[in-house]
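Notes for the structure review
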Amino acid sequence: RVEHALGLFKDIIAAGNEGSGQRTCGNPSLAKNILTIGATERGTASNTIADFSSRGPSQDNRIKPNVMAPGVDIMSAQKSGQNGYSAMSGTSMATPTANGTVGLMRCYLQEGYYPTGSPVQGNRVSYISSALMRSMAMASATSATTKSAWFNSSNLSPRESTCQSTTRALRE
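Here is a short report on the structure shown in this document. Just so it is clear, the model here is predicted, and its values are computed rather than measured. (Residues numbered from 1 in each chain as written. Predicted model: local features only at pLDDT ≥ 70, side-chain atom pairs only at ≥ 80, totals over all residues. Heavy atoms only, no water.)

**Remarks on the overall build of the protein**
On a plain count of helices and strands, the protein comes out with 4 helices and 7 strands. What you see in the protein, going N to C, is helices and strands ordered as α-β-β-β-β-β-α-α-β-β-α. Counting all 172 residues of the protein, 38% fall into the buried class. Taking contacts inside the protein between residues at least 6 apart in sequence as the whole, the part at least 24 apart equals 60%. (Helix = DSSP H or I, 4+ residues; strand = E, 2+ residues; numbered from the N terminus. Buried < 20%, exposed > 50% of the residue type's maximum accessible area, 1.4 Å probe, protein only. Contact = heavy atoms within 4.5 Å.)

This is the structure in structure tokens:
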């Protein structure tokens, strides 16, 4: 499609559920120009990275995942084909939350809400690149600083990892 060729769509990928060890993110979540989503606990524990959520950094020391969203005990449709729901956990539960948030951020720009907070015809943004959406998702989130399981290769010591939670951008 033309929109994808122009970079208007953002690839949003789950980080994976390989645990809290160093460099547990794998392909395709390590790609440079995608938004990689990790999972946090939910509710009052949403500043805590879920134990199962994969972590970075990448081999070239980029921070992955880029954004975190609640991914523990998320109500989802049952896979049995019944009309029921069940609580599920994983970065694949966190990814739709982040995807929806990015979609709302895009609509915010398209409808002219930026910078006034009210829809203004003259403020509508007609071209919104995927790079802009990735940057906005990462920059507009609030930090949830926790001790991470990965190390800074320059000194090989544990360091604080700042993970982003896109769901907080909507609350403010």
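**Points about unusual backbone geometry**
In this structure, the amide linkage connecting Gly 56 to the following residue, Pro 57, adopts the cis form with an omega of 0°. The residue after Tyr 114, namely Pro 115, is reached through a cis peptide bond having omega 10°. Of note, Pro 115 is situated in the loop between α2 (91-110) and α3 (130-140). In the Ramachandran plot, Arg 23 falls in the positive-phi region, its phi being about 55° despite a non-glycine side chain. For Arg 23, the position within the fold is in the loop between β1 (12-14) and β2 (35-40). A positive phi angle is found at Asn 61, which is not glycine, with a value near 70°. Relative to the helices and strands, Asn 61 is located in the loop between β2 and β3 (67-70).

**Section: the pattern of salt bridges**
A full pass over the atoms with the stated rule returns 3 salt bridges. One continuous salt-bridge network, built from bridges that share partners, spans Lys 32, Asp 60 and Arg 62. (Salt bridge = Lys/Arg side-chain N within 4 Å of Asp/Glu carboxyl O.)

**Quick look at the side chain of Thr 40**
Here Thr 40 is to be found in strand β2. The buried category is assigned to Thr 40, whose relative accessible area is 2%. A distance of 3.4 Å separates a polar side-chain atom of Thr 40 from the backbone oxygen of Ser 46. Sequence-distant contacts of Thr 40, that is, excluding residues within four places in its chain, are made with Ser 46, Thr 48, Ile 49, Ala 50, Met 68, Ala 69, Pro 70, Gly 71 and Val 72. (Polar contact = N/O pair within 3.5 Å; in protein donor to acceptor, adjacent residues only side chain to side chain.)

**Considerations on α3**
Buried residues of α3: Ser 130, Met 133 and Ala 137, and no others. Buried residues of α3, viewed axially, fall in a sector of 60°; they line one side. On the buried face of α3, the contacting elements are β2, β3 and α2. (Arc of directions from axis to C-beta.)

**Some points on the environment of Met 138**
Within the secondary structure, Met 138 sits in helix α3. Separated by 103 residues in the primary sequence, Met 138 and Leu 35 place their C-alpha atoms 8.7 Å from one another.

**What to know about the packing of α2 against α3**
For the pair α2 and α3, the least separation of the axes is 10 Å and the interaxial angle reads 110°. Between α2 and α3, the interaxial angle falls into the category roughly perpendicular. The hand of the α2/α3 crossing is right-handed. Mapping the contact onto sequence places Val 102, Met 105, Arg 106 and Leu 109 in α2 and Leu 132, Met 133, Met 136, Ala 137 and Ser 140 in α3. Here the residues of the contact of α2 with α3 are counted per class, giving 7 nonpolar, 1 polar and 1 charged. (Axes fitted to C-alpha atoms, helices over the stretch in contact; angles between N-to-C directions. Parallel < 35°, antiparallel > 145°, perpendicular 65-115°, else oblique. Left-handed = near helix turned anticlockwise from the far one by under 90°. Nonpolar A, V, L, I, M, F, W, Y, C, P; charged D, E, K, R; others polar.)

Interpretation in functional terms is not warranted from these geometric data alone.
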